[in-house]
Amino acid sequence: MSHDLLIRRASLIDGSGREPFIADVAIDGDRIVAIGDLGHPDARETIEAQGLVLTPGFIDVHTHDDTNVIRTPQMLPKLSQGVTTVVVGNCGISASPVRLSGEVPDPMNLLGRAEDFRYPTFAAYAEAIEQAQPSVNVAALIGHTSLRSQVMDRFDRAASDPEIAAMREQLETALAEGALGMSSGLAYRNAYHAPTAEMNTLVETVGRAGGVYTTHLRDEFAGLPEAMDEAFATARHGRAPLVISHLKCAGAGNWGNAPKALSKLDDAARAHGVHCDCYPYTAGSSTLDLGQVTDEIDIFITWSDPHPEMARQPLKTIAEQWGLSLMDAARRLQPAGAVYHNMSEADMRQVLAHPLSMVGSDGLPNDPHPHPRLWGAFPRVLAHYSRDLKLLPLTEAVRKMTGLSAANFGLTDRGEIRVGAFADLVLFDLDALEDTATYTTPIAQASGIELVIVNGVIGYRQGKASEPRAGRLLRRQVRLSARPSRPGS
Ligand SMILES: [Zn+2]
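Residues numbered from 1 in each chain as written. Predicted model: local features only at pLDDT ≥ 70, side-chain atom pairs only at ≥ 80, totals over all residues. Heavy atoms only, no water.

**Looking at the overall build of the protein chain**
Test applied: Helical segments are the DSSP runs of H or I of at least four residues, strand segments are the runs of E of at least two, and each set is numbered from the N terminus. Note that the radius of gyration is over C-alpha atoms, with the globule rule given as 2.2 Å times the number of residues to the power 0.38. For every residue, the accessible area obtained with a 1.4 Å probe (protein chains only) is divided by the maximum for its type, and the residue is called buried under 20%, exposed over 50%, and partly exposed between those limits. Here, residues are in contact when the closest pair of their heavy atoms is within 4.5 Å.
Secondary structure assignment for the protein chain yields 14 helices and 21 strands. For 489 residues, the compact-globule formula gives about 23 Å, and the C-alpha radius of gyration of the protein chain, at 22 Å, lands near that figure. Per-residue burial over the protein chain gives 61% buried out of 489 residues. Summarising the internal contacts of the protein chain: among those between residues at least 6 apart in sequence, 76% fall at separations of at least 24.

**Details of the coordination of the zinc ion**
Operational definition: Donor atoms: N, O and S within 2.8 Å of the metal, or within 3.2 Å for Na, K and Ca. Because water is excluded, sites can look incomplete.
Cys91 (SG), His216 (ND1) and His246 (NE2) make up the full set of protein donors to the zinc ion, lying at 2.0 to 2.3 Å. Spacing between the donor residues of the zinc ion along the chain follows C-x124-H-x29-H. Separated by 155 residues along the polypeptide, Cys91 in the loop between strand E7 (83-88) and helix H3 (122-132) and His246 in the loop between strand E11 (242-244) and helix H8 (258-271) bring together distant segments of the chain. Comparing Cys91 with His246 shows no difference in burial state: the two are buried.

**Focus on helix H9 (residues 315-322)**
The criterion, for reference: An arc is given here, and it is the one of the directions from the helix axis to the C-beta atoms.
All of the buried residues in H9 are Leu315, Ile318 and Ala319. Angular distribution of buried residues about the axis of H9 spans 100°; they occupy a single face of the element. The outward face of H9, more than 90 degrees from its buried face, is lined by the exposed residues Lys316 and Glu320. Buried residues along H9 sit against strand E14 (299-304), strand E15 (313-314) and helix H10 (326-333).

**A look at H3**
Burial in H3 covers these residues: Phe122, Tyr125, Ala126, Ala128, Ile129 and Ala132. All buried residues of H3 project into a common sector of 160° when viewed along the axis, lining one side. Once H3 ends, the next one or two residues include Gln133, with phi positive near 50°.

Written as structure tokens, this is what we have:
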């Protein structure tokens, strides 16, 4: 019997957390059909993988690639890291269902310009992805701020009952069309005035459909504990599993609080399905938010619409050149993008190593000078934090970017290497693996990724993307449970 593809003698890490073992993997069509000591069966292509590590393709659970999977379907920043699936629509912002009239509300402008928002329904968005044929699979959340932008004339207030009903209807339709769930970005000014009641009603809709609720918390600074409590209560009310986005203790005054935040997460996870995602860096990045302007941390300006000539320098330097206060300089730069060096390394490491966290890049693909997480997050966890610093075992690092992620987002037959699963795979040389993207040179491909396979098709080989692109839209197929994943632990 002849196989389409045979990978021989790889050190196999299957995504479940179990120990590596040496095996051959045979692929026919888009699925894994055999694993073990397979001898020398015929195959259209055989990859000799001795000394290399084979894992499930990485699932980037936190992305803002919504329009990029269509506009730049090669998706090199992700593919080159070994990512085979991106979850779009995080932090309350999604490309659909959106029909814009006028300017792009903050922070939806992270996803593109006005002309990039052209998907009035999730079905239209899904069709555009299928036509674009990106190199990676795409699964999508619906953003709460995007829903608000469709029914509200202004955002600095709570939605009225008819507005909530209209949002709910659009959300229901999108969930029926295959969206995975809903995200919120309550810290952002265009969602901040949404009270718990507004969120409760929408998350009820998510829970009823068997979807997931992800949230960029209302407060990642001093009010972190209360914001976590709000998220837990909303998810419990809606009977939807919860993912806290990029859990962090932001702001110099909040450093050292990771143990408290993680013990809250553990407590909540005893009664309800609760997880978080995390990127392996101590700086955040988003649009420039006046509420985060402070002289306690370094803030780096990555872009500015009115003053592009001032980009790529610290806000402090710009303020000095202009003879303005930090706040006045920030006002003059808006709309703008920023990197905020607002976390402590010790806190971030604890979140990253915690069993309930998954890896998500939160990369910003439309930023001309992006945070290095866009090109480096996954290799950085494996190479820097697992291999070099031994913060967590390699099997656990891989689980956090494959098996755990697929389970939490309901991605059936993904995130694991087993017979019958989709052949989304990455083969890498652990010794050579490095994230090379830095804050100063952020656009740089990782080294050490030998081969990336998406749905049985080789999409990337030794530094180069190849055709055909084989990513698919992954529609929600299963009902997610809101029950705790580790009862009694
Ligand atoms: Zn966010």
